[in-house]
Amino acid sequence: KANVALGRVGLHADAFRRRADDYDTPLGTIENSWIHNEGGALGGSWFLGDSPPGAPGSDRVGLGVVHYASRYGLPGEEAYIDMDQTKLLMRSAFGLGSGGERQLTVDGGWADYEHAEREGDEVHSTFKDRQWELRAEMLLGTLGLLDEGAIGVQLQDRDFSALGEGADYLAPTSTRNLAMFGFAESLVGERMRLQFGARVEGVDISGTPITDEATKRSFTPFSASLGLVYDGVGAWRMGLALTSAQI
């Protein structure tokens, strides 16, 4: 693991490797209980503006890549799981001043996941999951009766597929998701805060089920919350919340 600062650029790298043989117990060795893991990450952030690098509220843009691989046996069987996952990540934050809009954060990511059930050189099943996500959120200051809040949008695209024996019970699907959300808080007394939030999504799922007919479904789940928080002495506080969610 290493962290390096080069002016207004911060770099990070880490890696690990783990090897474990079959477990030994008082009753004997558990065959095919071995596990091999390895992974690593590499990333960097560029700090913008005049604030000291890493200071709260400083503008920044960061990119990173993470890889993880795992192979492990299935006790009681001769098969083992061979899994690989790679992620690309982006994080950013930009100050917007001290007015109604305080900060804008834009985060994104792409992931490629695959795992296979193997027995020697033979592959029984393979599962693949590829997706990307983009999220933007704006933190708000005082606006009328609202003391602080946040609004945002989130997009997600996911493709899942199964090959081999897994295709018999898991059909390929594609999921597209667009969501908008908001949260706000307002003081209603010296120690009382009213909090409320909401999220609405548009979800489209398409695939070919066991009927072998292309199918598409659309959903619009909505969730909301309303809460009242009383700030007591020190760290003591009491809250009451009402939530409603559709899945």
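Just above sits the structure.
Treat the numbers as computed from the prediction; the structure is a model and nothing was measured.

Peer 1: Is there a simple way to explain the overall build of the protein chain in this structure?
Peer 2: Helix and strand content of the protein chain: zero helices and 15 strands. Counting the 247 residues in the protein chain, one finds 25% classified as buried. Carbon together with sulfur atoms contributes 59% to the accessible area of the protein chain, which is approximately 15900 Å² in total. Of the side-chain charges in the protein chain, 22 are positive and 36 negative, and the distance between the mean point of each set is 8 Å.

Peer 1: Even after reading the chapter, I still don't get the pattern of salt bridges, so can you show me in this structure?
Peer 2: Charged atoms that come close allow side chains of opposite charge to pair. On inspection of all chains with the given rule, the structure shows 13 salt bridges. Among the salt bridges present, the one from R158 reaches D129, with a minimum N-O distance of 2.8 Å. Taken together, the residues span a long stretch of sequence, with R158 in strand 10 (residues 148-164) and D129 in strand 9 (residues 122-140) at a distance of 29 residues. Of the charged contacts, one joins E185 and R193 as a salt bridge, the two residues approaching to 2.8 Å between their closest N and O atoms. In this pair, the class of E185 matches that of R193, namely buried. Connected via shared salt-bridge partners are R71, D82, D84 and R118.

Peer 1: Is there a simple way to think about the environment of Y23 in this case?
Peer 2: In this fold, Y23 is placed in the loop between strand 2 (9-20) and strand 3 (24-25). Linking Y23 and I35, residues twelve residues apart in sequence, is a C-alpha distance of 9.8 Å. In contact with Y23, not counting residues within four places along its chain, are R18, G28, T29, I30 and S33.

Peer 1: Looking at this model, I keep getting lost on the pairing of strand 12 (residues 192-207). Mind explaining?
Peer 2: Every regular strand shows the same layout, with side chains that alternate between the two sheet faces. Pairing between strand 11 (residues 173-187) and strand 12: 15 bridges, direction antiparallel. What sits directly across from S174, in strand 12, is S206. Where strand 11 folds back on strand 12, the antiparallel hairpin that results is connected by four residues. Summarising the sheet, strand 12 and strand 14 (residues 222-231) pair through nine bridges and their orientation is antiparallel. Bridging across to strand 14, F196 finds its partner in L226. Here five bridges tie strand 12 to strand 13 (residues 215-219), and the two strands are oriented antiparallel to one another. The residue bridging D204 from the neighbouring strand is S218, located in strand 13.

Peer 1: Is there a simple way to think about the side chain of S186 in this case?
Peer 2: Along the chain, S186 turns up in strand 11. On the basis of relative accessible area, S186 is assigned to the buried category, the value being 11%. Residues in contact with S186, not counting those within four places in the same chain, are L145, D147, M192, R193 and L194.

Peer 1: Just checking my understanding: could you explain a negative patch on the surface for this structure?
Peer 2: The grouping of E77, E78, E119, E122 and E165 at the surface amounts to a negative patch. Here E78 shows up in the loop between strand 6 (60-73) and strand 7 (80-95). Given the relative accessible area of 64%, E78 is considered exposed.

Peer 1: How do you make sense of a nonpolar patch on the surface when you look at a structure like this?
Peer 2: A cluster of nonpolar side chains, L42, V65, L88, W110, W132, L134, L155 and L178, forms an exposed patch at the surface whose accessible area comes to about 670 Å². Mapped onto the secondary structure, L134 falls in strand 9.

Peer 1: Got a minute to help me understand the packing of aromatic side chains in this structure?
Peer 2: Two aromatic rings are characterised by how far apart their centres lie and by the angle between their planes. By the definition in use, this model includes three aromatic pairs. Geometrically, the ring pair formed by W34 and Y80 is tilted, given 5.8 Å between the ring centres and 50° between the ring planes. Remark: Y80 occurs in strand 7 and W34 occurs in the loop between strand 4 (28-29) and strand 5 (35-47); sequence separation between them is 46 residues.

Peer 1: Would you mind going over unusual backbone geometry with me for this structure?
Peer 2: Phi is mostly negative for residues that are not glycine, and the peptide bonds are mostly trans. A positive phi is found at N32, a non-glycine position, where the angle reads about 65°. Mapped onto the elements, N32 comes out in the loop between strand 4 and strand 5. Exposure remark for N32: the relative accessible area of 12% places this residue in the buried category.

Peer 1: Quick question: what am I supposed to make of the side chain of S70 here?
Peer 2: Here S70 shows up in strand 6. Under the relative-accessibility criterion, S70 is labelled buried at 3%. Apart from residues lying up to four places away in sequence, S70 is in contact with H36, N37, I81, D82 and M83.

Rules used in this analysis
Residues numbered from 1 in each chain as written. Predicted model: local features only at pLDDT ≥ 70, side-chain atom pairs only at ≥ 80, totals over all residues. Heavy atoms only, no water. Helix = DSSP H or I, 4+ residues; strand = E, 2+ residues; numbered from the N terminus. Buried < 20%, exposed > 50% of the residue type's maximum accessible area, 1.4 Å probe, protein only. Areas by Shrake-Rupley, 256 points an atom, 1.4 Å probe, with all protein chains shown as cover. Lys, Arg positive; Asp, Glu negative; His and termini not counted. Charge placed at Lys NZ, Arg CZ, Asp CG, Glu CD. Salt bridge = Lys/Arg side-chain N within 4 Å of Asp/Glu carboxyl O. Contact = heavy atoms within 4.5 Å. Pairing = 2+ DSSP bridges. Patch = residues over 30% accessible without salt bridge, like charges linked within 9 Å, V, L, I, M, F, W, Y side chains within 5 Å. Phe/Tyr/Trp six-rings, centres within 6.5 Å; stacked < 30°, edge-to-face > 60°.

Purely spatial values, then, with no claim about function.
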